[in-house]
Amino acid sequence: MSLLDRAVRGVNRLISQNFGPLSTALYHTANAYTKSYNNLNYDMKSNGEYRLLDKLARLETKTIFDVGANKGEYAKACLSRFKDAELHAFELVPETYARFVANVRSDRVVANDFGLSDQPGTVEIHVNPRKDGLSSLIEGTAINKGSWTRQSVRVIRGDDYCADRSIARIDFLKLDVEGAEHLVLEGFSRMLAEGRISVIQFEYGMINIYAKFLLLDFWRVLTGHGFVLGPVMPRGVAFKSYNPRDETFQGPPNFVAVHASKPEIIQAVRLR
């Protein structure tokens, strides 16, 4: 470490621990800037999600899976961009599913009132009636305070769904299931092994602490199936290798994996 680096660290330690309210104000300012710089942003209009859809819309996209469809905002964004695509939506909370059906009306949508997971059957989901977008198969209610209930819901494997409907491939698989993304991926083990999914977008956040499935695990699973990965940033996907320093939960909430056999997609969506 150089003398300059030591000096800077010494000054930082001095200020951060000895100036009371000033230190606190500097910390909060720096923390807010870091979160913004790292794109810790759930607004699809500004965090890069809609821009990703715009870029994908220039390519051939025929089959979209919206897993964790909630009330339909994402589905409508897809329908408005992918004019020839069929969208399969999955929402397993009955009340939320009813809102989805009311909000999304299109003959290009296949709405399913069940979820996807690693095994078929009935499972319990933790539901937040006031914030239904937080409902999850993973017990992580300590992260988001509020009133929670439990409901029994049905799930099936994605592989079985595709087989039943003769779906040969999925062009775009979007996962937003509050920490259960790895279970959905396991349910697509055959489709993944056969290279029949082109693009996957998945959400990652503090709920993954309770799911015990970290970015490292996503990287291992998806690179093992031939994908390249990176976070969704406002201007594109920052494809990269795994770095344990990214496990902060203070960075981008969305990541994208593109199969390496689709270089035209990688080129279209990458950050420039």
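This text goes with the structure placed above it.
This is a predicted model, so every value here is computed, not measured.

Trainee: Can you lay out empty space enclosed by the protein for me, pointing to particular residues and giving the numbers?
Mentor: Picture a little ball the size of a water molecule; that probe, rolled over the atoms, points out where space is still empty. All chains considered together, the criterion is met by two cavities of 30 Å³ or more. The wall of the largest cavity is formed by Leu56, Leu59, Glu60, Thr61, Asp171, Phe172, Val199 and Ile265. Of the voids in this model, the second largest cavity is the one considered here, and its volume is about 30 Å³. Looking at the second largest cavity, the residues that line it are Gly48, Arg51, Leu52, Lys55, Met233, Pro234, Arg235, Gly236, Val237 and Val269. Of the residues forming the lining of the second largest cavity, the biggest block, three residues, is contributed by helix H3 (residues 49-56). Among the residues making up the lining of the second largest cavity, the classes are represented as five nonpolar, two polar and three charged.

Trainee: Can you tell me about the sheet that holds strand E9 (residues 227-233), naming the residues and giving the values?
Mentor: Pairing is mixed in the open sheet, where eight strands are placed in the order E3-E2-E1-E7-E8-E11-E9-E10. The outermost strands of the open sheet, each flanked by one partner alone, are strand E3 (109-112) and strand E10 (236-237). Across four bridges, the pairing between strand E1 (residues 63-67) and strand E7 (residues 170-175) is parallel. Within the sheet, the bridge partner assigned to isoleucine 64 lies in E7 and is phenylalanine 172.

Trainee: How would you summarise helix H10 (residues 215-224) if you had to cite specific residues and measurements?
Mentor: Within H10, the full set of buried residues consists of Leu215, Phe218, Trp219 and Leu222. Across the axial projection of H10, the buried residues extend over an arc of 100°, all falling on one side. Opposite the packed face of H10, turned more than 90 degrees from it, sit the exposed residues Arg220 and Gly224. Close packing links the buried residues of H10 with helix H7 (181-187), strand E8 (197-203), helix H9 (207-211), E9 and strand E11 (254-259). Just past H10, the residue glycine 226 takes up positive phi, approximately 90°.

Trainee: Give a description of the sheet that holds strand E6 (residues 149-157) that names residues and reports values.
Mentor: Read from one edge to the other, the open sheet built from three strands follows the order E4-E6-E5, with strand pairing classed as mixed. Two strands lie at the open edges of the sheet, namely strand E4 (115-117) and strand E5 (121-127), each paired on one side alone. Here the strands of the sheet are splayed against their neighbours by 55° on average, with no regard to which way each runs. Across seven bridges, the pairing between E5 and E6 is antiparallel. For glutamate 124, the partnering residue across the bridge sits in E6 and is serine 152.

Definitions and limits used
Residues numbered from 1 in each chain as written. Predicted model: local features only at pLDDT ≥ 70, side-chain atom pairs only at ≥ 80, totals over all residues. Heavy atoms only, no water. 1 Å grid on protein atoms, 1.4 Å probe; cavity = no way out; pocket = protein on both sides within 12 Å on 5 of 7 lines; lining within 4 Å. Points joined across faces, edges and corners; volume = space filled by probe spheres on them. Helix = DSSP H or I, 4+ residues; strand = E, 2+ residues; numbered from the N terminus. Nonpolar A, V, L, I, M, F, W, Y, C, P; charged D, E, K, R; others polar. Pairing = 2+ DSSP bridges. Buried < 20%, exposed > 50% of the residue type's maximum accessible area, 1.4 Å probe, protein only. Arc of directions from axis to C-beta. Contact = heavy atoms within 4.5 Å. Axes fitted to C-alpha atoms, helices over the stretch in contact; angles between N-to-C directions.

None of this, on its own, says anything about what the molecule does.
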